[in-house]
Amino acid sequence: MNSLVAIDVARRDLRGSLKSFVVLYACLALGVAAICAVGLLNNSVTVALERDARILLGGDIAIDVASQPLDAAELDGLLPEGAPYSKTVDTNSIAVAGNGRSVPVSIKAVDQAYPLLGEVLTGTGQFSATSLAADEVLVDPTLLPRLGVEQNDLVRIGQAQFKVRDTVLSEPDRIGGVIGVGPRALLSVEGLERAGIVLPGSLVRYYYRVILPEGVSSAAYEDRMELLNPERRWRIRDAEGLQPQIARLTNRLSSYLTLAGLASLLIGGCGVAIASQHYFRRKQNSIATLKCLGAQGADIAAIYVAQILIVSLLGVVAGLALGTLLPLAIYLLPVGLLPVRVEFSFSVTPVIVAALFGLGTALLFTILPLARARRVSPAQIFRTVHETSSPTPRRPELLVIAGFMLLLMLLVFLTIDQLKLAIIALGGAAALVIVLTVMARLAVRGAQWIAARTQGPIRMAFHGLARPGAPTSSVIVALGCGLGVLATVTLLQHNLMAELQRGVPDRAPAVVLLDIQPDQQRAVRELLAQTEGVEVLQALPMLRARVTRIGGETIDPETLGDGVRWTTRRDRGLTYLAEKPEHTELLAGEWWPQDYDGPPLVSIEDELAEGFGVGIGDTLTFNVLGRPLTAEIASLRREIDYTSGRLDFIFILNPTALESAPHTIITSLDVASDVEAELLNRLAQDFPNVTPISVGQVIDRATSILQRIGFAVQAVAIVTIVSGILVLIGAVNSARSTQLYEASIFKVLGARRRDLLSIFLGEYACLGLISGFIGVIIGTVAAWAVVRFVFQFVWSFSLLATLQVILAAVVLALLIGALGLWRDLAQPAWRLLRAE
């Protein structure tokens, strides 16, 4: 039989049979749509990043420095002659309204050249820095209701009053700045001087964004400047380097989401297998007839492979159409939500990848049902009961399955840009399938054991799960995987929230005060002492410095481990103390005497020392406000436990090394909730340069972020659960004919409809219970591993969360199984038996 004849026979045989493949369409469409949408969205973001990388940075290069601005000589040595640049200043303060309300704000002061690239969007349109007066401020829209003010009202920042000119919706270079303690407030540089909040040692950062002359490579310029200034106190970044950093993050997110879509597609593969098996079982008489007319096994394979390709293409095309439409939702996002202007950008590659995944999955999961169809004997047309057993796959079939699996694995490696992630994902998926398959078979054996030892409806329900040809194993694997993902996400959320609550000790500070000047310390303490319900927990000196050398060698951050590299990329807070803190444990070395007045000494974390490859007696060189300071490591401390609620620093030096340097005091307070607002208002009035941070608000913000992350992860988990539901629907439809035949026999033997209903609903409930229980086991193990070995948190099990997952599985199975069951059981027994 040639190919055209096979296709023609396949087309004719499909007439009126397409509705049998609804589950197959849905399973393929869901997974293909997810993979296609993620690929197209990532492509759109990548195009936007390539287009707007310079705008994101605010120029070709950005130079930032902490605490003190670059002087004219330093700036002239860094900037190419005649290159335009813009200076901005980032710091924190408090905005105080006329009604007495105060809110910590993140200050950004700009000069008249800002922005060099891009535009600032405000509530009334575009913004020009040249028109921003020294007594005007632009604010984040969320600040207005918190202060109880409106546009054109006055607010006080520092020592000056400012008129709220407009709201700021987005800034082109916001991604390159620091994260402040509150909503954004945008001033002019002259306005910042009027406020008088930048004092020696204040937590402030200066940015210089530069447009390079034509023909000058930003990457080459960055390398040259860093080579000429090994002891630099500034950091330089270029647009060419920023784009790969952001793209790496988006690609990593895309990889995770693609794997989630692939997991959904593979779970749906079980539904494809069930739908195909059910279809071929219904076609046994047709296949037997074709063989009686001389068709060979190869002819049967050609006909039904053509059919599978036709229906698979329909499902894949539907998935591609949906996956192409989903990324258009980016146009519904509010202006300014994303740091770049993302527009939908079509690319053929994600579409082809999604289509290949869909077709490959469809063919992989139909090989065994198709192979069984090839073995149908011509004598089948004389039988009244169809064969329901699953013969052992033959070697050629196993080789074909292995080939398709290798092709899908190769496609995963080509799609996921992280080789390690791809290997872990494939290994984890293989292990999960093996574990679920073993557990499913054990569940079927257990159902047989229970059925043999019980009576009545319970016996019949468990017998139905273990009957020959029942899709119990496939449903348990698919639904158990989806429920396992849900259980994992639920337990992870529970542990993250528990850790967040656990991380707030009984004596955690309610408020932390930043930027207290040394000459203000006594006055601040007097104010705190006069306020009832306030207790000072700690007060430590603080200044900013950057590690520039380790053991006398210039640092190459790329040679350091991921866990410590962050400590060298920019200035970090450090302090000086004469006495060893009460709760500090030394693991090596000794603390310096209280009256020590020798060369600089430093105490660091043992984990940091391990990452730096240093020990007692080695040296670290810091750039402190432009001056190098080399200190010998005197002691190693145990890793800081930030959940203790104490202020601590990774670097602590002896007092004589730093006390003459400009610095501020950081103070933590225990404040009664009913006096916190009053205290913050008094601080804002008497000490406008001091920035208070409400720990409660920080915790609320962190909780909100965790909840949003949890919702996003749950959305991904729902995709896999929907795939499991589709598999369950396919399994119910596949088993319905066998159940109705058994129901007819039971009716002849005297069973009533309600008896049959209890038997079959019991079967569905048991199927949901087993799937839910297995899903909870898988999810608990996965969540425990992530919590203990990735997050390194204390594990906390939630019985309520797991019971909810199991209950959801039982209810889901009952609802799907009950659809149409009452109507089907109402049919007369003679009609069903005659049909057989």
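Notes on the structure follow.

Rules of the game
- Residues numbered from 1 in each chain as written.
- Predicted model: local features only at pLDDT ≥ 70, side-chain atom pairs only at ≥ 80, totals over all residues.
- Heavy atoms only, no water.
- Core = buried A, V, L, I, M, F, W, Y, C linked by side-chain atoms within 4.5 Å.
- Buried < 20%, exposed > 50% of the residue type's maximum accessible area, 1.4 Å probe, protein only.
- Helix = DSSP H or I, 4+ residues; strand = E, 2+ residues; numbered from the N terminus.
- Contact = heavy atoms within 4.5 Å.
- Pairing = 2+ DSSP bridges.
- Phe/Tyr/Trp six-rings, centres within 6.5 Å; stacked < 30°, edge-to-face > 60°.
- Lys NZ or Arg CZ within 6 Å of the ring centre and 35° of its normal.
- Salt bridge = Lys/Arg side-chain N within 4 Å of Asp/Glu carboxyl O.

Core analysis: the biggest nonpolar cluster contains 49 residues, and Phe21, Leu24, Phe280, Tyr304, Leu320, Phe357 and Val412 have the highest contact counts within it. Within the residue set of this core, elements represented by two or more residues are helix H1 (3–14), helix H2 (22–57), helix H7 (239–282), helix H9 (297–325), helix H10 (348–374), helix H11 (395–415) and helix H12 (419–452). Examining the composition of this core, we find that 11 residues originate from one element, H10, more than from any other. Those residues in contact with Tyr304 that sit more than four places away from it in its chain are Asp13, Tyr279, Phe280, Lys283, Ser286, Ile287 and Leu370. Grouped together as the second largest cluster of nonpolar side chains are 45 residues, Leu465, Val477, Ile774 and Val805 included.

A large share of strand E9 (residues 184–188) lies buried, amounting to five of its five residues. Along E9, one buried face is formed by Arg184, Leu186 and Ser188 and the opposite face, lined by Ala185 and Leu187, is buried too. Sheet topology note: the strand E3 (residues 102–110)/E9 ladder contains five bridges and is parallel. Counted as the bridge partner of Lys108 is Leu186 from E9.

Any pair of aromatic rings gets described here by the distance separating the centres and the angle formed by the planes. Under the counting rule described, the total for this entry stands at two aromatic pairs. With centroids separated by 4.4 Å and ring planes inclined at 35°, the aromatic side chains of Trp591 and Trp592 adopt a geometry described as tilted. With a centroid separation of 5.1 Å and an interplanar angle of 80°, the aromatic rings of Phe622 and Phe651 are classed as edge-to-face. Residue Phe622 is found in strand E18 (residues 619–624), and its partner Phe651 is found in strand E20 (residues 651–653); the two are separated by 29 residues along the sequence. Of the two residues, Phe622 and Phe651, both sit in the buried class. Its end group placed over the ring of Phe162, Arg194 keeps NZ or CZ at 5.0 Å from the ring centre.

Glancing now at the pattern of salt bridges. Using the criterion set out here, one finds seven salt bridges in the structure. For Arg205, the salt bridge identified is with Asp64, shortest N-O distance 2.7 Å. Of this pair, Arg205 sits in strand E10 (residues 205–210) while Asp64 sits in strand E1 (residues 61–66), placing them 141 residues apart in sequence. With relative accessibility at 5%, the residue Arg205 sits in the buried group. Relative accessible area serves as the criterion here: at 1%, Asp64 is assigned to the buried category. Taken together, the salt bridges that share partners define one network made up of Asp64, Arg205 and Arg235.

Purely geometric stuff here, so don't read any function into it on its own.
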